[in-house]
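# Coordinate analysis (summary)
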Amino acid sequence: MSLPPSIPVQLLTAGTAACIADMVTFPLDTAKVRLQIQGEQEKGFRKYRGLTGTIITIARQEGFQALYGGLSAGLQRQMCFSSIRLGLYESVKTFYASLLEDNPGSLQIGTRICAGLTTGGLAVLLAHPTHVVKVRGQADSSRLSTGTLNAYRAIYCEEGIRGLWKGAVPNMGRISIVNVAEVVVYDVVKDTLLRYVAVPREDVRLHFGSAVIAGFAATLVASPVDVVKTRYINSPKNRYRGVIDCAIRMRQQEGFLAFYKGFVPSFSRLVSWNVVMWITYEQLKIIVF
């Protein structure tokens, strides 16, 4: 029996797959961010309309490169975030399975959820500054005109170390939820299909179907936290007293549907990202593992 791959190999494989997925789907993520922060403009003013309209408007007014504003920080983020939340998932799941004495013949839902929450939270604690720079670069591409390193430095000089971890609490909630929805749902759906459908473990159709379901689940449960997180991270200093204040004012000023702003691009992006990432990751595992 071959030995399992080392932790560094697992981290690098997961991070590489996530970076490839980010490069393919980044314009969709930029459109999502612009639609999410749009409600902060004057009442009645709508610069962006719909996924396609938003992408066209950004490209026409700011140039095609603006759709990839923050890509460098985004790739840094994926290599940090996803290498931890995806690359460590199997090891952490094995740890919880032994700790909880879970039946190996079952779907181990509790074990998988605990593993997803743990690796998602750990990823935020270690890599949140990359997310702050990415979001601000997508909201305003000019912020990264002098490079991502200068963006980190500017945030630190203007807002201190807390600025680099601004919105870490809602992002921890979001990433943990997304990690459960993406990784755990994908894991459970794939194992269920393997049990009841005659399909090889390496079949791309298996990975595609599981990824679509995981992407939909992630979009549905994470959108409210994602919108609040984006608004709060992108806000000027002292606009909101905190994350809760941001959420309350959104509800009061824009209504409940404000928490699902950018749902269509968010869904398009998450499903696309999951499909590209999981298929790439599964193929890399065949080669590397």
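Parameters and conventions
Residues numbered from 1 in each chain as written. Predicted model: local features only at pLDDT ≥ 70, side-chain atom pairs only at ≥ 80, totals over all residues. Heavy atoms only, no water. Helix = DSSP H or I, 4+ residues; strand = E, 2+ residues; numbered from the N terminus. Polar contact = N/O pair within 3.5 Å; in protein donor to acceptor, adjacent residues only side chain to side chain. Contact = heavy atoms within 4.5 Å. Phe/Tyr/Trp six-rings, centres within 6.5 Å; stacked < 30°, edge-to-face > 60°. Lys NZ or Arg CZ within 6 Å of the ring centre and 35° of its normal. Salt bridge = Lys/Arg side-chain N within 4 Å of Asp/Glu carboxyl O. Buried < 20%, exposed > 50% of the residue type's maximum accessible area, 1.4 Å probe, protein only. Axes fitted to C-alpha atoms, helices over the stretch in contact; angles between N-to-C directions. Parallel < 35°, antiparallel > 145°, perpendicular 65-115°, else oblique. Nonpolar A, V, L, I, M, F, W, Y, C, P; charged D, E, K, R; others polar. 1 Å grid on protein atoms, 1.4 Å probe; cavity = no way out; pocket = protein on both sides within 12 Å on 5 of 7 lines; lining within 4 Å. Points joined across faces, edges and corners; volume = space filled by probe spheres on them.

### Re the side chain of Lys-32
Secondary-structure assignment places Lys-32 in helix 1 (residues 7-37). Looking at Lys-32, its side chain comes within polar contact range of the side chain of Asp-29, at 3.0 Å. Excluding its chain neighbours within four sequence positions, the residues that come into contact with Lys-32 are Arg-174, Asp-226, Gly-262, Pro-265 and Ser-266.

### What to know about the environment of Ile-155
Among the structural elements, Ile-155 can be located in helix 6 (residues 148-159). Expressed as a C-alpha distance, the spacing of Ile-155 and Pro-129, which sit 26 residues apart in the sequence, is 9.6 Å. Setting aside anything within four residues of it in sequence, one finds Ile-155 in contact with Val-132, Val-133, Arg-136, Gly-160, Gly-163 and Leu-164.

### Concerning the packing of aromatic side chains
Scanning all chains against the criterion turns up 9 aromatic pairs. One residue, Arg-77, lies across the ring of Phe-81, its end atom 4.6 Å from the ring centre. It is Lys-285 that lies over the ring of Tyr-281; its NZ or CZ is 5.0 Å from the centre.

### So, the pattern of salt bridges
Within the structure shown, the criterion is met by 20 salt bridges. Where Lys-32 meets Asp-29, a salt bridge forms, and the shortest distance between an N and an O atom there is 3.0 Å. Here Asp-29 and Lys-32 lie together in helix 1, a separation of 3 residues that amounts to about one turn. Overall, the relative accessible area of 4% leaves Lys-32 in the buried class. Taking the relative accessible area as the measure of exposure, Asp-29 reaches 1% and is therefore buried. Across the salt bridge formed by Lys-32 and Asp-226, the nearest N and O atoms sit 3.1 Å from each other. You can see Lys-32 sitting in helix 1 and its partner Asp-226 sitting in helix 9 (residues 204-234), a full 194 residues away along the chain.

### Some words on the packing of helix 5 (residues 109-139) against helix 9
Interaxial distance between helix 5 and helix 9 falls to 9 Å at its minimum, and their mutual angle equals 80 degrees. Taken together, the axes of helix 5 and helix 9 lie roughly perpendicular to each other. Residues His-128, His-131, Val-132, Val-135, Arg-136 and Ala-139 of helix 5 lie in contact with helix 9, whose contacting residues are Lys-229, Thr-230, Ile-233 and Asn-234. Looking at the contact of helix 5 with helix 9, its residues break down into 4 nonpolar, 4 polar and 2 charged.

### Topic: unusual backbone geometry
Phi is positive for Gln-108, close to 55 degrees, though the residue is something other than glycine. As for its placement among the helices and strands, Gln-108 is situated in the loop between helix 4 (89-100) and helix 5. When its relative accessible area of 14% is taken as the criterion, Gln-108 is described as buried. Phi at Asn-238 takes a positive value of approximately 75 degrees, unusual for a residue other than glycine. Counting through the fold element by element, Asn-238 comes out in the loop between helix 9 and helix 10 (243-254). Residue Asn-238 is classed as exposed on the basis of its relative accessible area, which comes to 69%.

### Section: empty space enclosed by the protein
Gaps left between atoms are located by rolling a probe of water-molecule size over the structure's atoms. This structure, assessed with the given rule, holds 3 cavities of 30 Å³ or more. By volume, the largest cavity is sized at about 110 Å³. As for the largest cavity, its lining consists of Arg-77, Gln-78, Phe-81, Ser-82, Arg-85, Arg-174, Ile-175, Val-178, Glu-182, Arg-269, Leu-270 and Trp-273. Of all the secondary-structure elements, those providing two or more residues to the lining of the largest cavity are helix 3 (71-85), helix 8 (168-196) and helix 11 (263-288). Sort the elements by how many residues they give to the lining of the largest cavity and helix 3 lands first, with 5 residues. Tallied by class, residues from the lining of the largest cavity come to 5 nonpolar, 2 polar and 5 charged.

On their own, these measurements won't tell you what the molecule is for.
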